[in-house]
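Listed below are the residues making up each chain.
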Amino acid sequence: MIVPMKKVCIMVQKKSRDEAILKLADVGVVHLEKSNAPVDINSNAQKLKIRVEEAMGLIQDYKTPKPKKPRFDPNDKRPISERRMPPAGMHRGRRASDVFGTDEEAPYSIDAVMAPRRPYLPDMMNGFGEERKQLRDQNSVLSREISRIEGWGDFDPSIINEISERLPVFLYELTHSVFENLDKDVEYIKVKSDKTFVRIIVFENKLQGLNPFAVPEKSLSALLREMEINNHALKQIEDKIKSFADRRPALHSEMAKVEQYLEYETALSGMHIEDGESDSTSLSWLTGYIPSDDFDKVKRTACANNWALSVDDPNPADENVPTKIKNNGFVSLLKPVTDFLNLVPGYHEVDISPFFLIFFCIFFGMIYGDAVYGIVLTLMGLFGIIAIASKKKPVPLAMPMLVLLGLFNVAWGVLTCAWLGMSVDAVPQILRDISFSYFSTAKTPPAFVSQNIQIFCFSLGLIHLTCAHLLNFFRFKSLRKLGEIGSIAMLVGMYNVVLTLIVSNKATREIPLLPVALYLIAGGFVLSFFFSAYEKSIGQAIKASLSNIISVILGIVNVFSDIMSYIRLWAVGLAGAAIAETVNILAGPMLGSFLIFFGIVLLVFGHGLNMVINVLAVLVHGVRLNTLEFSGHVSLTWAGKKYMPFGNKK
């Protein structure tokens, strides 16, 4: 359910606002209302965040090395001083107790006290990054200069400069066409020639209309030596930066502190200020939202610190109210899915988590559609739970959610007799016997099974969407309830139309569904037209429907398309089964020959790839039916803001 919220305003003296922000963070339940104050990009927190981000960027391409084995046995319960290695001299350790005394008598050694302060990790890393950048820039300049003069070969520029003091000397790099058209009176020395240029030395007079070649400051060999030195230094810097890859957790921890510091600065800058005649009369205040159950915490803190505090229910038109979802342990299993997709209902909307979870599990089982896949997922979830619990760590909700999805998958695979894409004849008889004849090709011809599953998909869609309107029916306290009844009638009528048009089942031919469907659609449309927009009176509701008549009429078409949309469960499940069957056909001949190893590899790879594809199918189709079709009928836009209280984070 969506937890009721209260809007609070906290007012303090301007001189006490820093202290108030810190104490409010200790309470940790107030979701601060965003102010229009611009973000100061030159604030200490922003600058610090940039430095940490730059440091993290330096090692983003390097993998974190495996952690080293601990020096001490973690199960050793002796004091640290007793577990330390024997001292190897007066200054071996950082603590005086490494050599003599106890921690209580001499907690730190003189070396530890007198040692210079350790540099800030991001600054130290960024220093290496800046040094690497300088070396790369130098290499870029050297590379351009080497490329420019290498055609002249290796010579000492100082010799050219000495000659130029007595006799003007000019170097030219000419194209072959320009060289051939030189004046015959020009005296020159031809140095080198290649496919592109002819290099010559001219004495005394410059060539008209041509710029001489700039004499380098260093010889080619000197530049190459300098680049070699730079490359060696660059490699050392790269190795040093790479060695910081194991400090990634420390940087993440530092980033968490910086973000909290930034949140503190943002909260401080967002406080409104009313200047008075003095500091004692100048006031500062902020507004935010808190869960109703946590109001007493803020009230006690305000009383203890002499804050002015006002509280009220949020305005129905307020779009800034955050949403906090609180459900029982079972429904909370859906949280990994909604967090991953960032799905948050609006505060004034409805929480559909129970319906989302149940139908998502059903959709998951139908899309995966194979009992063996379900067994694999269930075992993965159980293994994860056991492995994490054995380390006495909290088990993430994703693990039990995976077990639940796997069980639904196993159930659907058992009902349809789908076992790793094997043909029905290859499935053991006991597994064929426990399948459901309505869905199982082991007991019913495939054509009828296909029709039956299609009917089931449409029926599931009808139930799913009807639940949406029943949810609204119990929410509304006015005649809008009649509009929801009309919507349900249209759903049932359109369901019959779909069965008549799409499904060629014997039952649909014997029962005249279409006349009944038309009556339901017409009656439901009338009820929906008169009462769906009801707020104050029927006249107001009719006026609202007439003002939006095109959407109201198109709503009938939307009902048809929404029910039809559930056929995707059959189609996607059929595609997955076809892929599994194809993998078996390709690997089958190999399993009975000397290529059995390659056959096993193909089976594992093919079915593993099919499971990955099915994950994407679930995200695209299974989630869509809840977040689009169902949510549309329950008037849920998922435009909410997640409740994020301002507080100290561990």
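Each value, and the rule that gives it
- Residues numbered from 1 in each chain as written.
- Predicted model: local features only at pLDDT ≥ 70, side-chain atom pairs only at ≥ 80, totals over all residues.
- Heavy atoms only, no water.
- Helix = DSSP H or I, 4+ residues; strand = E, 2+ residues; numbered from the N terminus.
- Buried < 20%, exposed > 50% of the residue type's maximum accessible area, 1.4 Å probe, protein only.
- Contact = heavy atoms within 4.5 Å.
- Areas by Shrake-Rupley, 256 points an atom, 1.4 Å probe, with all protein chains shown as cover.
- Expected span 1.5 Å × (residues − 1).
- Pairing = 2+ DSSP bridges.
- Arc of directions from axis to C-beta.
- Core = buried A, V, L, I, M, F, W, Y, C linked by side-chain atoms within 4.5 Å.

*Asks:* Describe the overall build of the protein, and please don't skip the residues or the numbers.
*Replies:* Tallying secondary structure elements over the protein gives 23 helices and ten strands in all. Of all 650 residues assigned to the protein, the portion counted as buried reaches 40%. Once local pairs closer than 6 in sequence are excluded, the contacts in the protein between residues at least 24 apart make up 74%. Total accessible area on the protein stands at roughly 38200 Å², and carbon and sulfur atoms take up 61% of it.

*Asks:* If you had to explain helix α22 (residues 568-591) to someone new, which residues and values would you point to?
*Replies:* Helical geometry: 3.6 residues make up each α-helical turn, so side chains three or four residues apart lie on a common side. Taking 1.5 Å of rise per residue, 24 residues should cover 34 Å, and α22 covers 34 Å from first to last C-alpha, within 8% of that figure. What α22 keeps buried is the set Arg568, Leu569, Val572, Gly573, Gly576, Ala580, Val583, Asn584 and Ala587. Considering only its buried residues, α22 is in contact with α12 (353-368), α13 (371-390), α16 (446-475) and α23 (596-633).

*Asks:* Explain the pairing of strand β7 (residues 283-291) to me, using residue names and the numbers behind them.
*Replies:* In terms of residue burial, β7 counts as a mostly covered element, since seven of its nine residues are buried. Both strand β1 (residues 5-13) and β7 contribute to a ladder of nine bridges, which runs antiparallel. Paired with glutamine 13 across the strands is leucine 283, a residue of β7. One ladder, built from two bridges, connects strand β2 (residues 31-32) with β7; its direction is antiparallel. Within the sheet, the bridge partner assigned to histidine 31 lies in β7 and is tyrosine 289.

*Asks:* Requested: an account of helix α10 (residues 295-305), with residues and values cited.
*Replies:* Restricting attention to buried positions, one finds in α10 the residues Phe295, Val298, Thr301 and Ala302. All buried residues of α10 lie within an arc of 130° about the axis, which places them on one face of the element. In α10, the exposed residues that point more than 90 degrees away from the buried face are Arg300, Cys303 and Ala304. Against β1, α1 (17-27), β7 and β8 (308-312) lie the buried residues of α10. Where α10 ends, the next residue or the one after it, asparagine 306, has phi of about 60°, a positive value.

*Asks:* Break down the nonpolar core for me, with residues and values.
*Replies:* Within soluble globular proteins, side chains that are nonpolar generally end up buried alongside one another. Residues Ile352, Phe356, Phe360, Met401, Phe458, Ile563 and Leu569 are the most contacted members of the largest nonpolar core, which totals 60 residues. Broken down by element, the residue count for this core peaks at eleven residues, all from α16. Those residues in contact with isoleucine 563 that sit more than four places away from it in its chain are Phe458, Leu465, Leu491, Met494, Tyr495 and Val498. In this structure, Ile2, Met5, Phe295 and Val298 belong to the second largest nonpolar core, which totals 28 residues.

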